[in-house]
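# Architecture and fold: a report
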Amino acid sequence: IIREVVSSFRGVTHRLEYVDNIGGRVFYNDTEATNIKCTQIALDSFNKPTLVILGGLDRGQDFNELKDHLNNVKMILAIGQSRDRVVQFLKDGFKELYNNSSEGDVILLSPASASWDQYKECEIRGSEFKRLVEELK
């Protein structure tokens, strides 16, 4: 029974949640990563080229604390109120990430920021991420 449960467990919604594989690009929703530590853990979870959506409500978080966790990061799409600070250490469109990715890449929403500057709650941000992934099909 344990083996069956473990092999069928898909994870928890909005917490490093597998969303889909489209054209060999694997999408993960980690919108609950509303602080630097959670994003560090998410970034360390992948050993493939990773494109990250980062930013949100500017609470003075120090994005420099991500520096040692960017080994596999190929691109950062900065969003929200803190986007200018993220760029210092693009939301022209979600398709930009897909177009800059290659087969085998991971595309990860792990913002290290609260969502309140753009969304009522982070679950709405995560649901929008999943909707946009679906639209890429």
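A brief structural summary. (Residues numbered from 1 in each chain as written. Predicted model: local features only at pLDDT ≥ 70, side-chain atom pairs only at ≥ 80, totals over all residues. Heavy atoms only, no water.)

### Notes on helix α5 (residues 122-135)
For α5, spanning 14 residues, the distance from its first C-alpha to its last is 20 Å, which sits close to the expected 20 Å at 1.5 Å a residue. The complete set of buried residues in α5 reads C122, R125, G126, F129, L132 and V133. Down the axis of α5, the buried set is contained in an arc of 120°. They therefore lie on one face. (Helix = DSSP H or I, 4+ residues; strand = E, 2+ residues; numbered from the N terminus. Expected span 1.5 Å × (residues − 1). Buried < 20%, exposed > 50% of the residue type's maximum accessible area, 1.4 Å probe, protein only. Arc of directions from axis to C-beta.)

### Here we look at the pattern of salt bridges
If you walk through the whole model with that rule in mind, you get seven salt bridges. Of the charged contacts in the structure, one is a salt bridge between K137 and D20, with a shortest N-O distance of 2.5 Å. Note that R131 is salt-bridged to E135, the shortest N-O span being 2.4 Å. Note that R131 and E135 are positioned in helix α5 at a spacing of four residues, about one turn of the helix. Salt bridges sharing partners connect three or more residues here, namely D20, E134 and K137. (Salt bridge = Lys/Arg side-chain N within 4 Å of Asp/Glu carboxyl O.)

### A look at the packing of aromatic side chains
Throughout the structure, instances matching the rule amount to three aromatic pairs. Plain terms: the ring middles of Y18 and Y28 are 5.8 Å apart, the flat faces sit at 75° to each other, and that makes the pair edge-to-face. Of the two residues, Y18 sits in strand β1 (residues 17-22) while Y28 sits in strand β2 (residues 25-29), which places them 10 residues apart along the sequence. On the numbers, 6.3 Å between centres and 55° between planes, the contact of F27 with F129 is tilted. By the burial criterion, F27 is buried, and F129 matches it. Grouping aromatic residues by their ring pairs yields a cluster made of Y18, Y28 and F46. It is R25 that lies over the ring of Y98; its NZ or CZ is 4.2 Å from the centre. (Phe/Tyr/Trp six-rings, centres within 6.5 Å; stacked < 30°, edge-to-face > 60°. Lys NZ or Arg CZ within 6 Å of the ring centre and 35° of its normal.)

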